[in-house]
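If you want the building blocks of each chain, they are given just below.
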Amino acid sequence: MYSALINAVLRSSPDYDLLFESLCWPEDSLPQTELVESLTALIEALAPRCIHDKIESIIWSKCLPFLRKISTESGGEDRCRQGTAAVCRLLAVSVSVCDQKTWTKVVSSTLPSLQWSPEEELSGALSVNVAAEVLAALMPLPTADEEFTLSILNCALSSIPSLPDNLVSKVTVRVILTLLNCFSDVRSSCFATRIMDAVCSWHSSERSAAVTQRALLCFTVLLDHLLKSHTVTSDTRFWTLVQDGLTHGDSVSRKRALYLLKRCVALSDEEGFDSCSTSEEEEALFNWAPDKSGLLREFWEDYTLVMETLEENQVHVVRPVLNRIDTLIQATANDSEGLGLFHPSWLLCVYQRMFHSENKSLMREGVCHLLELQVLRQSAFAAAFSQFVVGPFMDVLSETSLFCRSPGQSVGDCPELAGKLQVFLVNFFTSLPSEDRGCVLLQLIQQLGSKHWCAVPLLFICQALSKLPQSPLLRSSGLSALREVLRSTMITHQVLLRGAAQCFLLKSTLSLIDVSEVTRDDVFSFLMHFRADESLCRGTTLWNELCIWLSEHDGNFKPRILDGDCVDGPAQKETIRLYVQQEVIVYLRVPASQAERLPDIREADKLARAILLCVDMERRELKKDARETLRSLLSPLLDTLSRVYTNIYLPVHKSDKSLQLMLRLLQLSTRPRCQQQGLEEDDLMLAIEQAVVEVVDPVQNFILRRLCGELQEVIPLTLRRFLNEKITIAFTDCFIMASLAAVCDLLQQGGTNMSSETASALKSLNDYFYTFDTSTKSQPSLRNINKRLMKPQLLDSLLQQDWGRIAASFLRDQWVCLNFLIRSVGIPKVSETLRAALSCSVEALALLPSDLVLPVLNFMNMALPQLVDDEEDLCVQAVNLSWELVQGLSNNAHDFWPALQGFISIAFQHELLKLNHQQAPALTAALKRVNYMELSQSKSGVLGVLVQHCTQTWLPGEGGSSELADGIFSSVFNHLDIVTEACLYGPVFRRDQRLIQDVQIFVEQLGENCAANVAVASDNRDDQLPRTCVLTFLSRLDPCNQQHQRLIEELVVELLRKDSLISKAKVRYYSNSLQHRIKNRAWQTLLLLHFFYKFHVFEAGFCSNQPSVKYLIEWMMILILVKYPHHLDRFWTCFSFDHEKTKTSICTFLSVLVHISVIIPHVEDKVDQLRKALDIILQSCFNHNFSVRLYALVALKRVWSLAESVTEGDAFRGLSSVVTACLNQAEAMQNSGNANKNWLRIQGHFFFSAFHPIRDYSLE
């Protein structure tokens, strides 16, 4: 229409200039689309008339300015989308009228806009969107300039890496695809080859997820042109890109890669060309043979089906196609010895896709499938999979949830996947070519040390490594990799799991290390990283295995090279004994110029362990006397220690190193406590103790001189100008107080009988501490408690650094002495003195570091009850400050539990427990504010400590007077909340927490076979302890005691209130939820206590509950009716309430009637009660709810059978026909479908068939 109208206008009006001016628009405005289209039609009509100047002015003054304007305006492209298309068409028509030079100039001015940057867009350049549209409009114009066309293609390709994601597809589709469409097949194939080479090279050089995503986008758009060249299927780089796409994290990229694969397979099948690679340099990933097309087509159809199905997240959808993976594997295995049509790397893509699934169950399926892969027993496949195993497979094994117990496994069993992993690694390394095993194992161990691993997967991988057959695979580099695992990877793991992992790693080392490639020094340096309190300690199986291993390989270690010479000479070959002797000599060789600093403890650790291993090795294997071996090894050390006091020229650093080595020998030679009983006498320990006894006098004198007198001797010689006597006084005070504390501690342990002189000295010491400071005018204070150790003005850097710790120890030692004195001499009778002492203890809590406060808490425990009446505010301050201290230690397990025990002994002792609000309002309020429940939720075991202490306080085991026992017991009524919470306590652990607990139980069940169970001190704080303690406490109560009876009644009311609150708050709750567990525990407790109370609990039957809770309530009702038959009348009224809201309640009461045979013997009017039961049951038999009818029929069958056996004559003759008809109908009508299944199931249910409410009642 435009062309006809324009031609008509041109015929009637030949003034072209006027027409151009009328159709053009001002430069600062945006034209209407119709105006642009009209101008386009005009130029098309005027093309033969050769008005190039006018048309070229349209290009440079109208089209390009308009496009730049909408590029720079915010949202301009979206608003002017139609206008942009119209202007681009105008531009294309105008350029087509002009010459080739104009076309080249316009394209050249547009190309730089493809290199996107925000600054250029703001400066007036074309946006990428607009530039792509311009180039797409100009592209159909023919060009013979091959070089310029190639520059357009290169410019578009170079923009892809830098453009945002949303613009990559724009350039690919509008520029590159349009350019390829403009040429013939020959030229298009040539350019397609260039494109593929450029994109594949880019991907090969970077190979990141972003590069893979963009490369797949380009190839998906251009695939039709790429396939025409027939080079795509033979390029290994292309197939590497496709495999990266199949395992990409983005689902769209995975679908694009699968699309490329399917198209290439289809093309190969259609055209039937032979693409089998004959190159020896590069292994082809994709091959096609026309004579094998059927087999290949079937393989790739199965492969694409598997990959498409793996996009689903549901396991039940994926599991049916897992057999297709077996088909793929079998096809690949059969082909591995033939033409090599199926490369194993395609199978790795399947597994890697399963490993990266969002569904953990699908991930587990993939891991288990790989672990059971029999084809890996072939050497070629094992080699092909080796890098995958040490890479992606190890990455997925770091997922902790894989090691959960499988259905059917018991707590403490080895996880199914861990067992499969042991078999897999053994088969895998056995199948690997012998020359690759060491390298692959080293890479696997390096993977363990290269990133953070959780404790559970690392433990089971180490266990699997320990099962590998003995083979010399690891060299010194392997020891370095294992050292990195010990030093960094497992440092934050739970102690028991970390110790077990260390044990497995050491066993792995002993079986896999090549002893000819490592020196003895390498081995003992490596053993330093196994802690004695976690894994490698004397007396364990692991220690004995290490001794045997050292003995067997003693002559095979690599010789040491020192100063360029081999230590092992031809005359004398080094042994472990000679090595240790030389190391002792080197250790004690200290240069005269050596700075007097503390020696490195690691050197003493290494040498002490080497000495102990050497002695144990020779004692066990060579049957040598431990005393002789030890003396020969320690003779330089003992010689040094014997002269440490008399030889004033002995270097201080050498003395310190000697003492440090002897200390570590004593510490490391001690066996764990659990092994000290029941074992024969330890010869080595006795030999070390005898050696220490021989040098104890010079060592003791040396230490005393160093602590007391040496400072006075040295100061006048070296520091006379700088220091004064204050340093000497400070150190003397510190030493004296530490000595007093040590003596008091020894006396308190009962190691020494106390003479009259000792008692007199203690009295003087007691008077010394409780001396008032008369210089203060305020409240009197004790001068010698909390006495500070004044810091001297000038100290060396080492003392400057440790002075705070020295001063804190001085303060702590004072309270150690006070604790002993308050037990042996007694508490001061003067209340003012005791108040001042308690005030000092509160002050000490603020001054001392958290790990030194235990003596202060022990003092408070004895002093606080004496001041409750007179100094309540001070007692409140002591309790609050102690609780804040305990809360602050919640992340410090070493100091937390002693501090918690100390606080509980203070705040919950009998004298404070018996206080009520009227007697001590402030103190009782402070105790109520102690939120032990909140702390117990975050710190397992807190409530157990509290409940254990309180129950032992309320009901002590030893006998005593009745009045005293009742007085102690009466305090329980002030803390009924503790008893209630203990009855209901038990957290619902997260799945990861339950897994940690299961694995710890598994490690514990290994027993002494795992040295960690011997070395690690048991710190098991069972979360069932609070309930165990409180139920034990309740079971010891006497029903005849009025206070005990009152406690039970109040506790029952409180438990029923808790149950009611949960029922109201949660109408529906899930099985195994926190609400379910609380209700279950509440009813278990009520069931245990039913003998103590006389009221019924029928109201609980009206609530909806989980089956396990419902059975407990029904059991409770039966027991109450057995003990108190007069409640039957109340029970019958429960059936008269409205049960329409829930079927559960009436089913609960009908379930009780199933066991009426237990109740009837205790009832006087049996016939009357049975008649009531039959009347109620028959009404329920006609209920509209199927479940109610089912329960009623079961009850009817039981009650009618009992009625026939109990009564004689015609007592129930009138009901006989009705009951018989109901029962016959139940048997006849329910012979098919679900009704029959439910009828059989409910009759065979344990609660109705085998369960007996009386005989089955037990604490269990």
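Criteria and cut-off values
Residues numbered from 1 in each chain as written. Predicted model: local features only at pLDDT ≥ 70, side-chain atom pairs only at ≥ 80, totals over all residues. Heavy atoms only, no water. Helix = DSSP H or I, 4+ residues; strand = E, 2+ residues; numbered from the N terminus. Buried < 20%, exposed > 50% of the residue type's maximum accessible area, 1.4 Å probe, protein only. Contact = heavy atoms within 4.5 Å. Areas by Shrake-Rupley, 256 points an atom, 1.4 Å probe, with all protein chains shown as cover. Expected span 1.5 Å × (residues − 1). Bend = angle between axes of the 7 residues up to and from the residue. Polar contact = N/O pair within 3.5 Å; in protein donor to acceptor, adjacent residues only side chain to side chain. Core = buried A, V, L, I, M, F, W, Y, C linked by side-chain atoms within 4.5 Å. Domains from an automatic or database assignment. Axes fitted to C-alpha atoms, helices over the stretch in contact; angles between N-to-C directions. Parallel < 35°, antiparallel > 145°, perpendicular 65-115°, else oblique. Left-handed = near helix turned anticlockwise from the far one by under 90°. Nonpolar A, V, L, I, M, F, W, Y, C, P; charged D, E, K, R; others polar. pLDDT = per-residue confidence, 0-100. Phe/Tyr/Trp six-rings, centres within 6.5 Å; stacked < 30°, edge-to-face > 60°. Salt bridge = Lys/Arg side-chain N within 4 Å of Asp/Glu carboxyl O. Disulfide = S-S within 2.5 Å.

Novice: Could you clarify how one ought to interpret the overall build of the protein chain in this entry?
Specialist: Scanning the protein chain for helices and strands turns up 62 helices and four strands. Put simply, the protein chain has 1260 residues, and 50% of those count as buried. Within the protein chain, contacts between residues separated by at least 24 positions form 74% of all contacts whose residues are at least 6 apart in sequence. About 59,700 Å² of surface is accessible on the protein chain, with carbon and sulfur atoms providing 51% of the total.

Novice: Where do I start with helix 4 (residues 52–72) in this structure?
Specialist: Because the α-helix completes a turn every 3.6 residues, residues three or four places apart line up on one side. Spanning 21 residues, helix 4 covers 29 Å between terminal C-alpha atoms, matching the ideal 30 Å at 1.5 Å per step. The largest bend in helix 4 comes to about 30°, at I59. Burial in helix 4 covers these residues: I55, I58, I59, K62, C63, L64, F66, L67, I70 and S71.

Novice: Can you walk me through the side chain of T110 in this structure?
Specialist: With respect to the secondary-structure elements, T110 resides in helix 7 (residues 100–110). Looking at T110, the relative accessible area reads 0%, which means it is buried. Separated by 2.8 Å, the side chain of T110 and the backbone oxygen of V106 make a polar contact. Look past the residues within four positions of T110 in its chain and what remains in contact with it is L126, A131, V134 and L135.

Novice: Sorry, what's going on with the nonpolar core here?
Specialist: Soluble globular proteins: nonpolar side chains tend toward being buried together. Grouped together as the largest cluster of nonpolar side chains are 242 residues, with contacts concentrated most on L67, F385 and F393. Residues lining this core come from more than one domain, with at least three contributed by each of domain 1 (1–182) and domain 2 (373–549). Residue contacts for F393: discarding those within four places in its chain leaves F355, V367, L370, L371, F388, L421 and F424. With 171 residues, the next largest nonpolar core counts A836, L927, L1047 and V1109 among its residues.

Novice: I keep staring at unusual backbone geometry and nothing clicks. Help me out?
Specialist: Among all residues except glycine, the phi angle is most often negative; among peptide bonds, the trans geometry is most common. Its identity is not glycine, yet R207 carries a phi of approximately 50°, on the positive side. Tracing the sequence through the fold places R207 in the loop between helix 12 (185–206) and helix 13 (209–228).

Novice: Even after reading the chapter, I still don't get the environment of D1175, so can you show me in this structure?
Specialist: Here D1175 lies in helix 58 (residues 1166–1180). Residue classification places D1175 among the partly exposed residues on the basis of a relative accessible area of 33%. Sequence separation between D1175 and L1196 is 21 residues, and the spatial gap between their C-alpha atoms is 9.8 Å.

Novice: Just checking my understanding: could you explain the packing of helix 54 (residues 1107–1123) against helix 56 (residues 1144–1154) for this structure?
Specialist: The description of two helices packed together rests on the angle between their axes and the distance between the axes. At a minimum axis separation of 9 Å, helix 54 and helix 56 run at an interaxial angle of 45°. Taken together, helix 54 and helix 56 sit at an angle that is classed as oblique. Our pair here, helix 54 against helix 56, has a crossing hand that is right-handed. Taken together, the residues of helix 56 that come into contact with helix 54 (itself represented by K1110, E1114, M1117, I1118 and L1121) are T1144, C1147, T1148, F1149, S1151 and V1152. Per-class residue counts for the contact of helix 54 with helix 56 are six nonpolar, three polar and two charged.

Novice: What is the right way to look at the confidence of the model for the protein chain in this model?
Specialist: Where the model shows low pLDDT, its predicted coordinates should not be examined in detail. Looking at the protein chain, the pLDDT average stands at 80 and 84% of residues meet or exceed 70. Within the protein chain, helix 24 (residues 455–466) carries the highest mean pLDDT (94), whereas strand 2 (residues 565–566) carries the lowest (51). The low-confidence segment residues 710–723 (pLDDT under 50) makes ten contacts with residues lying over four places distant or belonging to another chain.

Novice: Even after reading the chapter, I still don't get the packing of aromatic side chains, so can you show me in this structure?
Specialist: For any pair of aromatic rings, the description consists of the separation of the ring centres together with the inter-plane angle of the planes. Across all of its chains, the model carries 46 aromatic pairs by this definition. Summarising the aromatic geometry, the rings of F969 and F1033 are spaced 6.1 Å apart at their centres and angled 25° between planes, so their arrangement reads as stacked. Of this pair, F969 sits in helix 47 (residues 962–969) while F1033 is found in helix 51 (residues 1025–1035), placing the two residues 64 residues apart along the sequence. F1033 sits in the buried class, given a relative accessible area of 3%.

Novice: Is there a simple way to think about the packing of helix 52 (residues 1042–1065) against helix 53 (residues 1074–1088) in this case?
Specialist: Put simply, helix 52 and helix 53 touch, their axes get as near as 10 Å, and they point 155° apart. Between helix 52 and helix 53, the interaxial angle falls into the category roughly antiparallel. At the point where helix 52 passes helix 53, the crossing takes the left-handed sense. For the pair helix 52 and helix 53, contact is made by V1052, L1055, L1056, D1059, I1062 and S1063 and by Q1075, I1078, K1079, A1082, W1083, T1085 and L1086, respectively. For the contact of helix 52 with helix 53, the class distribution of residues is eight nonpolar, three polar and two charged.

Novice: How should I be thinking about the pattern of salt bridges in this particular structure?
Specialist: Pairs may arise between side chains of opposite charge once their charged atoms sit close together. Summed over all chains, the structure comprises 38 salt bridges. Among the ionic pairs, R237 bridges to D235, the shortest N-O distance being 3.1 Å. Judged by relative accessible area, R237 falls into the partly exposed class, the value being 23%. Of the charged contacts in the structure, one is a salt bridge between E311 and R254, with a shortest N-O distance of 2.7 Å. Placement of the pair is E311 in the loop between helix 16 (293–309) and helix 17 (315–318) and R254 in helix 15 (residues 251–271), with a sequence separation of 57 residues. By relative accessible area, which is 25% here, E311 ends up partly exposed. Note on R254: relative accessible area 6%, which makes it buried.

Novice: In this structure, what is going on with the environment of E1049? I would like to understand it.
Specialist: Its place among the elements puts E1049 in helix 52. E1049 sits in the partly exposed class, given a relative accessible area of 35%.

Novice: Help me out: how do you make sense of the state of the cysteines in this one?
Specialist: What is meant by a disulfide is a covalent connection between two cysteines, made through their sulfur atoms. Counted according to the given criterion, the structure contains zero disulfides. Not engaged in a disulfide, the cysteine C744 finds its nearest cysteine sulfur in C817; these two sulfurs lie 4.0 Å apart.

Novice: What should I look at first to understand the environment of L943 in this one?
Specialist: By secondary structure assignment, the location of L943 is in helix 46 (residues 942–954). Sequence spacing of L943 and Y985 is 42 residues, and the spatial spacing of their C-alpha atoms is 8.4 Å. In this structure L943 touches Y932, M933, S936, E981, A982, Y985 and P1026, once residues within four positions along its chain are discounted.

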